Amino acid sequence: MKIIESDLNSLKRLVQRKTQQLTDLKVEDAVRRIITDVIDNGDAALKKYEAQFDKVDLTEFRLPQATIDAAYDQLDQKVKDALQLAKRNITSFHEKERATGFVDAEQPGVLRGQKLLPLQRVGLYVPGGTAAYPSTLLMSALPAKIAGVQEVVMVTPPQPDGINPAVLAAAKLAGVDAIYQVGGAQAIAALAYGTESIPAVDKIIGPGNVFVATAKKQVFGQVAIDMVAGPSEIGIIADETADPRQLAADLLSQAEHDRRARPILITTSAKLARAVDANVTSQLKVLPRTAIATEAVNEKGFIAVVPQTQDMFELMNTVAPEHLEVQLAEPTQYLNLIRNAGSVFLGKYASEPLGDYVAGPNHILPTSGTARFSSPLGVYDFVKRTSFIQYTQAALKKEATAITTLARVEGLEGHARAIEARFDQYYDTED
Ligand SMILES: NC(=O)c1ccc[n+]([C@@H]2O[C@H](COP(=O)([O-])OP(=O)(O)OC[C@H]3O[C@@H](n4cnc5c(N)ncnc54)[C@H](O)[C@@H]3O)[C@@H](O)[C@H]2O)c1
Ligand SMILES: N[C@H](CO)Cc1c[nH]c[nH+]1
Ligand SMILES: [Zn+2]
C-alpha cells in the first residue's frame, strides 16, 4: 500500500483529493442511457441488459414462491442458524429505533401534532454481481418490517445457476413479499418508474456497486432513496499497540468487496505502517478474491502517518469513512473526537465483519464521504411524518392579525381573506 508521511494540512488536502468521489462521467452517461431505455421499453430493456451484463436469458422476472420455499427448506441448518442469530440481533437493535409521533395541546384551543406513517411500498436492492448478500437483505428488510411497510419487494441480479439459496432463505425469513431477478442500473430504473412486470415503489433502499449507486442518484426525485451506499470502505485509526496482522486482515475484509472499495489506515507509527503494508502484501497472495482486493488496495487504498493522536481523528474526519475502526488501547475515550463515520468499531475484538453479519447495528451505511451528512439505514428510513393542526375560533382569533399581516406582506391577499372569512367582523360575505 502507498505510505504517505507529511504534515497534517498537506495530508488533508491529499486525502480530500484522493477520497472525493469525482463524478465518473462515463458511468453517469451509461447509467442515464440504461434508465431512459427502461422508461421507454420496460421489460424488454430489462431482458436485454440482463443478457448483456449478467449473461442470463430471462423469461420471467418474478421468482415463484415455490422456488423461495424450496431454497429455505433445503438450506444447510448451520446457515439457517447463523441467519436466525443475525435476525435476532438486527431485530433487537432496530426495535429500539421505533419512534412515535406526538400531540401538543399546551395552548388553549390549539391542537398540534405529528403522526408517523410507514411507507406503503419499498424496493430493496440486494447486490449480487460478484458476491451474494443474504446479510444485506436482512439489514434492509427487517427494519422495513419493524416500521410496518405494507409491501416490501426486492430486486437482485440473476445468476446463471439461480439466485444464491441463502439470499432466498433470508428473504423468506425476513418476510419479503416479492423477489424480482434483475440487477444494476436497470433494476433501479424499474423500481423507480415501473415496468409491465415490476411495480414502481415509493422508496429504493440498499447498497450496490457504482452503477447502482449512480442510478439511485439519477432517479432521486421520481422516487425517494435511502442514501448513497456504494463500494465498501474501511478506515482504521491505530497506534503501535495494534496488531499489524489483524489490521491488514480488516483492511482486506472490505477491499475484497469491490475494485473500487477504499481501505485506509491512519497511524502515528511509521513502524506499524510498514508492518501493515507487509502483511497486506502477504495476505493478498492467499486471498481468494485477490484480483478485486489488490486493485482496491493499489488504486483506492493508502496508509497515512501523522505526528499526533488528535491528527489521526482530524484526518479521518476528512475521509468520513463508511466503517471506522479505532484500534487504540482505550478506544472509547476517543469517541468524542469522531465526527464523520457511518459506523464505529471500538477495540481489538470489534473487527469490521462482526458488524457486517451479527452485531445488529445496520451495515447499510453512507459511503464516498457522505457520512458527513448521512446516517446508517434504520427504521426511520421507512417512515414519513405528517403534521396536523386544529384551532378553535377563539384561538384563531388571537392569531388572525399576525396571519393576515404576514399574508399581505407577501402580497397574498387570498390567504388573508381565507382567515377573515372565519370572522364576520373582518369580512362581509354577500349572504
Ligand atoms: N455500503 C454498503 O452498505 C454495502 C453493503 C454491501 C455491499 N456493498 C457494496 O455493494 C457492491 C456489490 O457490487 P457487485 O458488483 O457485487 O453487485 P451489484 O449487484 O451492486 O452490481 C451488479 C450489477 O452491476 C451491473 N453492471 C456490472 N457491470 C456493468 C457495466 N459495465 N455497465 C453497466 N452495468 C454494469 C450489472 O447489471 C450487474 O447486475 C460492492 O461495491 C460492495 O462494496 C455496500
Ligand atoms: N461490508 C459491507 C458494507 O459495506 C456489508 C457486507 C455484507 N456482507 C459482507 N459485508
Ligand atoms: Zn463487508
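All values derive from a computational prediction rather than experimental measurement. (Residues numbered from 1 in each chain as written. Chains lettered and ligands numbered in written order. Predicted model: local features only at pLDDT ≥ 70, side-chain atom pairs only at ≥ 80, totals over all residues.)

Draft legend 1. Geometry of the overall build of the chain. Broken down by element type, the chain carries 15 helices and 14 strands. Dimensions of the chain, computed from C-alpha atoms along their principal axes, come out at roughly 90 × 60 × 40 Å. (Helix = DSSP H or I, 4+ residues; strand = E, 2+ residues; numbered from the N terminus.)

Draft legend 2. Structural context of the pairing of strand β9 (residues 233-238). In terms of burial, β9 is a largely internal element, 6 of the 6 residues being buried. Burial along β9 is two-sided: Glu233, Gly235 and Ile237 and Ile234, Ile236 and Ala238, pointing in opposite directions, are all buried. Where β9 lies against strand β10 (residues 262-267), 6 bridges are found, and the strand directions are parallel. Along β10, the bridge assignment pairs Ile236 with Leu265. In the classification by handedness, the crossover that spans β9, the intervening helix α9 (residues 244-255) and the parallel β10 is right-handed. Here β9 pairs with strand β12 (residues 323-327) via 5 bridges, running parallel. Residue Ala238 lies in a different strand from β12, and its bridge partner there is Gln327. (Buried ≥ 20, exposed ≤ 12 C-beta atoms within 10 Å, placed from the backbone. Pairing = 2+ DSSP bridges. Right-handed = clockwise from strand over helix to strand, strands pointing away.)

Draft legend 3. Representation of unusual backbone geometry in the model. In this structure, Lys55 is a non-glycine residue whose phi angle is positive, near 60 degrees. Within the element layout of this structure, Lys55 appears in the loop between α2 (25-54) and α3 (65-74). When the 10 C-beta atoms within 10 Å are taken as the criterion, Lys55 is described as exposed. The phi dihedral of Ser368 is positive, around 60 degrees, even though this residue is not glycine. One can find Ser368 in the loop between α13 (352-357) and β14 (383-391).

Draft legend 4. Up close: the environment of Gly208. Tracing the chain through its elements places Gly208 in the loop between β7 (203-205) and α8 (210-219). Residue classification places Gly208 among the buried residues on the basis of 29 C-beta atoms within 10 Å. Sequence-wise, Gly208 and Gly184 are 24 residues apart; in three dimensions their C-alpha atoms are separated by 7.8 Å. Setting aside anything within four residues of it in sequence, one finds Gly208 in contact with Tyr125, Pro127 and Ala213. (Contact = placed C-beta atoms within 7 Å.)

Draft legend 5. Highlighting the site of ligand 1. Lining the immediate surroundings of ligand 1 are 30 residues, of which Gly129, Gly183, Gly184, Pro207 and Gly208 lie closest. At the level of secondary structure, the elements contributing two or more residues to the shell around ligand 1 comprise α2, α7 (184-193) and α8. Ranked by residues supplied to the shell around ligand 1, first place goes to α2 with 3 residues. Class assignment of the residues belonging to the shell around ligand 1 gives a composition of 15 nonpolar, 12 polar and 3 charged. Shared between two domains, the shell around ligand 1 holds at least three residues of each, these being domain 1 (25-227 + 379-384) and domain 2 (232-371). (Near = placed C-beta within 6 Å. Nonpolar A, V, L, I, M, F, W, Y, C, P; charged D, E, K, R; others polar. Domains from an automatic or database assignment.)

Draft legend 6. Broad picture of helix α12 (residues 309-319). Listing the buried residues of α12 in full gives Met312, Phe313, Leu315, Met316 and Val319. The buried side chains of α12 occupy one side of the element, clustering within an arc of 170 degrees when seen end-on. (Arc of directions from axis to C-beta.)

Draft legend 7. How the structure looks around the packing of helix α4 (residues 77-95) against helix α5 (residues 134-147). Contact geometry for α4 and α5: axes closest at 10 Å, N-to-C directions at 40 degrees. Classed by the angle they form, the pair α4 and α5 counts as oblique. In this structure, α4 meets α5 at a crossing whose hand is right-handed. Here α4 contributes Leu83, Ala86, Lys87, Ile90, Thr91, His94 and Glu95 to the contact with α5, which in turn contributes Pro134, Ser135, Leu138, Met139, Leu142, Pro143 and Ile146. Of the residues contributing to the contact of α4 with α5, the split by class is 9 nonpolar, 3 polar and 2 charged. (Axes fitted to C-alpha atoms, helices over the stretch in contact; angles between N-to-C directions. Parallel < 35°, antiparallel > 145°, perpendicular 65-115°, else oblique. Left-handed = near helix turned anticlockwise from the far one by under 90°.)

Draft legend 8. Summary view of the domain arrangement of the chain. As far as domains go, the chain holds domain 1 (25-227 + 379-384), domain 2 (232-371) and domain 3 (394-431). Between the C-alpha centres of domain 1 and domain 3 the distance comes to 48 Å.

Draft legend 9. Molecular detail of the sheet that holds β14. On the basis of which strands lie adjacent, the open sheet formed by 3 strands has the order β2-β3-β14 and antiparallel pairing. Only two strands of the sheet have a single neighbouring strand rather than two, namely β2 (102-104) and β14. For this sheet, the mean angle separating the axes of adjacent strands, direction not counted, is 15 degrees. As defined by bridge partners, β2 adjoins strand β3 (residues 110-118) across 3 bridges and the pair is classed as antiparallel. When the sheet's bridge partners are listed, Asp104 is paired in β3 with Arg112.

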